[in-house]
Amino acid sequence: MSELSVNHLLGIKYITEADIQLIFETADHFKEVINRPIKKVPSLRDITIANLFFENSTRTKLSFELAEKRLSADVINFASSSSSVTKGETLIDTVNNILSMKVDMVVMRHPNPGAGVFLSKHVDASIINAGDGAHEHPTQALLDAYSIREKLGDVAGKKIVIVGDILHSRVALSNIFALQKLGAKVKVCGPKTLIPKYIEKINVEVETNLRKALEWCDVANMLRVQNERMDISYFPTTREYTQQFGLNKKLLDSLNKEIVVMHPGPINRGVEITSDVADSKQSIILEQVQNGVAIRMAVIYLLASKIKHHED
Ligand code: CP
């Protein structure tokens, strides 16, 4: 297979295992490119990409921008807080105004679940979802699964536990879809109040004891508690949360094996993970960030190859 089955990347739910494998193979090539002295290729000189961020971001925004520039695309950036959205402009009007400047692709982060799907039905551009509320964050899941493949040789058959605030996490849902499509076994671990009711319907087991979850897994993906998405209290205190669901060095070292530790960022050091674990040799947190650029180059390159005027 040499092209994606989709014209947009709206969620892992909408793509196939073959799509993921194609993205990984393409990312392997770009990873080699970005480690060369000249880190740039001319592939997307005829493509213009708009990065629309209606919600804060560090890693995803910078990673997409770098990926686009490494591919030689023209890039424009938009942050809602400094835009005419604050004057009441709608999403469709904002995007159509940007597209009238001949933009081919839109990378969008938005607080509303389904914002990317909605946009893809109303505008004539390729859409990449850079995180939509608590719904999906597909490029994060792709770079996470790619990092597991790089570290452990394969994703199929590996046991991955996702720990923490599953209820409010787009990273958890996209990871579950990606890891299952690639043949991994996935469990979630966290307070019952932060586990969504639908979780068993998507064939994910729940473990509420962190030690048991860590003893089972090959990889632990530690998630941040998303206080900004909480309108009520889901656990008594942060201290109690950390005691039950935080990963510290003593717990990590007491396991009878070496597991891989991941975190999508941003980290709340001392809450879901201690600094000595985040910075330990078992942690691949910075490798995840590094792989994000190659994965996003691959996604953009493959979607651009489906745009009619683009000749590569
Ligand atoms: N992992 C992630 O999405 O981080 P940012 O919110 O900083 O983009």
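Throughout this description, residue numbers start from 1 for each chain and increase along the sequence as written. In keeping with the model being predicted, local features are shown solely for residues with a pLDDT of at least 70 and side-chain atom pairs are shown and tallied solely at 80 or more, while totals for entire chains, interfaces and linings include all residues. For side-chain calculations, the full set of non-hydrogen atoms in the structure is used, while hydrogens and water are omitted.

Peer 1: Looking at this structure, how should I read the site of the ligand?
Peer 2: Surrounding the ligand, one finds Ser-57, Thr-58, Arg-59, Thr-60, Arg-109, His-137, Gln-140, Pro-264 and Gly-265. N or O atoms within 3.5 Å of each other form a polar contact, as long as, within protein, one can give a hydrogen and the other can take it, and as long as residues adjacent in sequence are counted only when both atoms are side-chain atoms. In the environment of the ligand, an oxygen atom lies 2.8 Å from a nitrogen or oxygen atom belonging to the side chain of Arg-109. Here a nitrogen atom of the ligand sits 3.2 Å away from a polar atom, N or O, in the main chain of Gly-265. Surface burial for the ligand is 91%, taken as the share of its 260 Å² of free accessible area covered by protein chains. Residue composition of the shell around the ligand, by class: 1 nonpolar, 6 polar and 2 charged. Counting the residues that make up the shell around the ligand, at least three belong to each of domain 1 (12-136 + 289-311) and domain 2 (138-285). It suffices for a single heavy atom of a residue to lie within 4 Å of a molecule or strand for the residue to be listed as near it. Calculation of accessible area relied on Shrake-Rupley with a 1.4 Å probe; when residues are assessed, cover is drawn exclusively from the protein chains displayed. Nonpolar residues are Ala, Val, Leu, Ile, Met, Phe, Trp, Tyr, Cys and Pro. Charged residues are Asp, Glu, Lys and Arg, and all others, Gly as well, are polar. Delimitation of the domains relies on an automatic or database domain assignment.

Peer 1: I tried to follow the sheet that holds strand β1 (residues 48-53) on my own but got confused; where do I start?
Peer 2: Working definition: the strands of a sheet are paired by backbone hydrogen bonds and lie parallel or antiparallel to each other. Paired strands, in this sense, are two strands between which DSSP finds at least two bridges. We count a stretch as a helix when DSSP gives it H or I for four or more residues in a row; a strand needs E for two or more, and each element gets its number in order from the N terminus. If you walk across this open sheet you meet the 4 strands as β2-β1-β3-β4, and the pairing is parallel. Since the sheet does not close on itself, it has two edges, and those belong to β2 (74-79) and β4 (126-132), each with one partner. Sheet twist, expressed as the mean angle between neighbouring strand axes with direction ignored, is 15°. Angles here are taken between N-to-C directions and fall from 0 to 180 degrees, while the axes themselves are lines fitted to C-alpha atoms, restricted in helices to the stretch in contact.

Peer 1: Quick question: what am I supposed to make of the domain arrangement of the protein here?
Peer 2: Interface size is often expressed as the accessible area that is lost when the parts come together. In terms of domain boundaries, the protein breaks down into domain 1 (12-136 + 289-311) and domain 2 (138-285). The C-alpha-based centres of domain 1 and domain 2 are spaced at 26 Å. Between two residues, a contact is recorded if the distance between any of their heavy atoms is within 4.5 Å. With 30 residues of domain 1 at the interface, the matching set in domain 2 holds 26 residues. Buried area between domain 1 and domain 2, summed over both chains or domains, comes out near 2500 Å², and the portion from carbon and sulfur atoms is 60%. Salt bridge, as applied in this entry: a Lys or Arg side-chain nitrogen positioned within 4 Å of an Asp or Glu carboxyl oxygen. On the surface where domain 1 and domain 2 come into contact, there are 3 salt bridges. For Lys-31, the salt bridge goes to Glu-150, with nearest N and O atoms at 2.5 Å. Here's the idea: put two parts together, see how much 1.4 Å probe accessible area each one loses, and the total over both is what we call buried area.

Peer 1: I would appreciate a short explanation of the pattern of salt bridges in the present structure.
Peer 2: A side chain with one charge can pair with a side chain of the opposite charge if their charged atoms come near. The tally for this structure, following the rule as stated, stands at 10 salt bridges. Close ionic contact of Glu-32 with Arg-36 constitutes a salt bridge, the shortest N to O distance being 3.2 Å.

Peer 1: Can you help me understand the packing of helix α1 (residues 17-34) against helix α11 (residues 285-304) in this one?
Peer 2: How two helices pack is summed up by the angle between their axes together with the distance between the axes. Closest axis-to-axis distance for the α1/α11 pair is 8 Å, and the angle between their directions is 120°. Judged by the angle between their axes, α1 and α11 are oblique. The two elements α1 and α11 meet at a crossing, and its hand is right-handed. Contacts from Leu-22, Ile-23, Phe-24, Thr-26, Ala-27, Phe-30, Lys-31 and Ile-34 in α1 reach Gln-290, Asn-291, Val-293, Ala-294, Ile-295, Met-297, Ala-298, Val-299, Tyr-301 and Leu-302 in α11. To sort the angles, those under 35 degrees are grouped as roughly parallel, those over 145 as roughly antiparallel, those from 65 to 115 as roughly perpendicular, and the leftovers as oblique. Helix crossings are classified by the rotation of the near helix relative to the far one: an anticlockwise turn of less than a right angle makes the crossing left-handed, while a clockwise turn makes it right-handed.

Peer 1: What should I look at first to understand helix α5 (residues 138-152) in this one?
Peer 2: One turn of the α-helix equals 3.6 residues, which is why residues spaced by three or four share an orientation. A helix is expected to span 1.5 Å multiplied by its residue count minus one. Helix length check: α5 (15 residues) gives 21 Å between terminal C-alpha atoms against 21 Å at 1.5 Å per residue, within 8%. Note on exposure labels: buried denotes an accessible area under 20% of the residue type's maximum, exposed denotes more than 50%, and partly exposed covers the range between, all computed with a 1.4 Å probe on protein chains only. Buried residues dominate α5, accounting for 11 of its 15 residues. Within the span of α5, buried status applies to Pro-138, Thr-139, Gln-140, Ala-141, Leu-142, Leu-143, Asp-144, Ala-145, Tyr-146, Ser-147 and Ile-148. In the stretch just after α5, Gly-153 is the one whose phi turns positive, near 90°.

Peer 1: What is the right way to look at the UniProt feature "domain: Aspartate/ornithine carbamoyltransferase Asp/Orn-binding" (unreviewed entry) in the protein in this model?
Peer 2: Summarizing the sequence annotation, UniProt attributes the feature "domain: Aspartate/ornithine carbamoyltransferase Asp/Orn-binding" (unreviewed entry) to residues 157-302 in the numbering used throughout. Spanning residues 157-302, this segment combines 37% helix with 14% strand, and its end C-alpha atoms are found 27 Å apart. UniProt positions are given in the numbering used here, feature names are shortened, and annotations may be inferred rather than shown by experiment.

Peer 1: It is not clear to me how the UniProt feature "binding site: carbamoyl phosphate" (unreviewed entry) in the protein should be interpreted in this structure. Could you clarify?
Peer 2: Mapped onto this numbering, the UniProt entry annotates "binding site: carbamoyl phosphate" (unreviewed entry) at Arg-59, Thr-60, Arg-109, His-137, Gln-140, Gly-265 and Pro-266. Inspection of the secondary structure puts Thr-60 in helix α2 (residues 59-70). The buried category is assigned to Thr-60, whose relative accessible area is 4%. Here Thr-60 is in contact with Phe-53, Arg-109, Ala-130, His-137 and Arg-296, once residues within four sequence places are set aside. Take Arg-109: it is sitting in strand β3 (residues 105-110). Here Arg-109 falls in the buried class, since its relative accessible area comes to 6%. Contact partners of Arg-109, with chain neighbours within four places excluded, come to Leu-52, Phe-53, Phe-54, Glu-55, Asn-56, Ser-57, Thr-60, Ala-130, Gly-131, His-137 and Arg-170. For Arg-109, the side chain forms a polar contact with the side chain of Thr-60, separated by 3.0 Å.

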